[in-house]
Amino acid sequence: MEKSYKFKKAERLCSTAQIEELFNEHETLFKFPFKLVWRKIEKERKHPVQLSISVGKKRFRNAVDRNYMKRHIREAYRLNKHIVLDHCNGFSIDMMLIYVDTKLRSFVDIEPSMKDVLNKLAKEISNIES
RNA sequence: AGAGAAGGUCAUUCUAUCGCUGGUUACUAUAGGUAACGAGAGGAAAGUCCGGGCAGCGCAGAACGCUACACUUCGUAACUGGAAGGUAUUCGUGAGAGUAUGGUAAGGUAACAGAGAAUAACCGCCACUUAGGUGGUAAGGGUGAAAAGGCGAGGUAAGAGCUCACCAGUGUUUUAAGUGAUUAAAAUAGCUGUACCACAUGUAGGCUGCAAGACCAUGUAUAUCAGUGUUUGAGGUCUGUUCGGCCGAUACUGAGGGGUAGGUUGCUAGAGAUUGAAAGUGAUUUCAAUAGUAGAUAAAUGAUAGAAGCUCCUUUUGGAGAACAGAACCCGGCUUAUCGACUCUCUCUUUUU
């Protein structure tokens, strides 16, 4: 499978209804500094994984800092999303990634922990299937 | 050269790779496709403190109340903001900066200290009387942010604007200058504190904000209407009852109002921007030319690597740093945050000529 590093709007979780559903019925996975809320959907889609990123207003007061973290997280996901995508055969996943730390981190700090989170998720998915 | 004051300008740049959001074109052929080209973060985008546009709702008219503001002239779409100017006062050697400017007639408050904060007697001075006390006195002392214009002479028991000269201040009048606030000079009057408040007068303000508002509308349920169907006819109605007539729950089909998810619009050509010229001390205005220059919506404008310049530390290499901060309908201001760099006009100090 060819690896694509794109992250278009189709791969994002935008609809309010979808997000509400996700929070009504979800599984949680915690790996510092991320909290991952996800849900499995028994349906095949063109883009199997839809993600949304959240950085709390309480943790970062300034809009500049929130944007900075979001952009770094998005970048890290974009480069490593294939870890999860490779496991999605015949179903889809909605998920929301919440940043829970209170300090700013650079891209270099973020990328390894992003890999950890996605690997953990991939393991859980394969457990369910088997 | 150093230390400052007021105003203005800028807010690192470039390359490569991987991406994001709109736009245009082309191609698939309809999906939050694919490709190419070009665009994409501020001086405060911030606070949401004033003023306006725009939109909805409200609205005979008048008065009271509430809130804000209060010197003059100018300027503006508008303003409680801005520009220029005036007076008083505080700070600073100075360039300058801050604050205030209805408050008159009558009224209230002025901590602590101090005898006393506005019809002042603690010490002192003078007179009378003599342990004590009574009266006069604002020259001197002490307290205080502030002590009843200053200083000299006369005068007096001692003193005192009690009287006089000079000076400061206030009111009134006249003349001169200025569009005006006001300033200058002269005359004259009384003999003179300051700040704040109650209070009064004038002016302005209807309320809500683009999550305003307008439009489209899948699915689901459904008001209403039309048609069809049923040997279903609950129930209602016409009369006191029966028969009979009429309407009709329900089912299907179509129309259909409102409207959820979602989408479109509002939405970026504007009291616009840049450059130049002219008018004006200035805010600003007028004219000409130029280019087309963000529009997201769980919310784009990014990441990585390298190079150059700047600042600081080491001084050979090298190392560290770059602030405050992110559009959310759009403008004009104000306020607050801010690493630094540049520029122009001034002030003070020192050195040299």
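This structure is a prediction, so every number in the text was calculated from the model and none was measured.

*Asks:* Help me out: how do you make sense of the protein's contact with RNA strand B in this one?
*Replies:* Around RNA strand B sit 24 residues, and of these Lys9, Ala10, Arg71, Arg74 and Glu75 come closest. With respect to RNA strand B, the backbone of Ala63 contributes an N or O atom lying 3.4 Å from a phosphate oxygen. Within the side chain of Arg74, a nitrogen or oxygen atom sits 2.7 Å from a phosphate oxygen of RNA strand B. Mapped by element, the contributors of at least two residues to the surface near RNA strand B are helix 1 (16-24), strand 3 (49-55) and helix 2 (63-80). For the surface near RNA strand B, the residue count by class is 10 nonpolar, 6 polar and 8 charged.

*Asks:* Before we go on, may I ask you to explain the pattern of salt bridges in this structure?
*Replies:* A side chain with one charge can pair with a side chain of the opposite charge if their charged atoms come near. Considering all chains together, one arrives at 1 salt bridge under this definition. For the salt bridge of Glu75 with Arg78, the shortest nitrogen-to-oxygen distance reads 2.4 Å. Taken together, the positions of Glu75 and Arg78, both in helix 2 and 3 residues apart, correspond to about one turn of that helix. Given the relative accessible area of 31%, Glu75 is considered partly exposed. Here Arg78 falls in the partly exposed class, since its relative accessible area comes to 24%.

Rules behind the numbers
Residues numbered from 1 in each chain as written. Chains lettered and ligands numbered in written order. Predicted model: local features only at pLDDT ≥ 70, side-chain atom pairs only at ≥ 80, totals over all residues. Heavy atoms only, no water. Near = heavy atom within 4 Å. Polar contact = N/O pair within 3.5 Å; in protein donor to acceptor, adjacent residues only side chain to side chain. Helix = DSSP H or I, 4+ residues; strand = E, 2+ residues; numbered from the N terminus. Nonpolar A, V, L, I, M, F, W, Y, C, P; charged D, E, K, R; others polar. Salt bridge = Lys/Arg side-chain N within 4 Å of Asp/Glu carboxyl O. Buried < 20%, exposed > 50% of the residue type's maximum accessible area, 1.4 Å probe, protein only.

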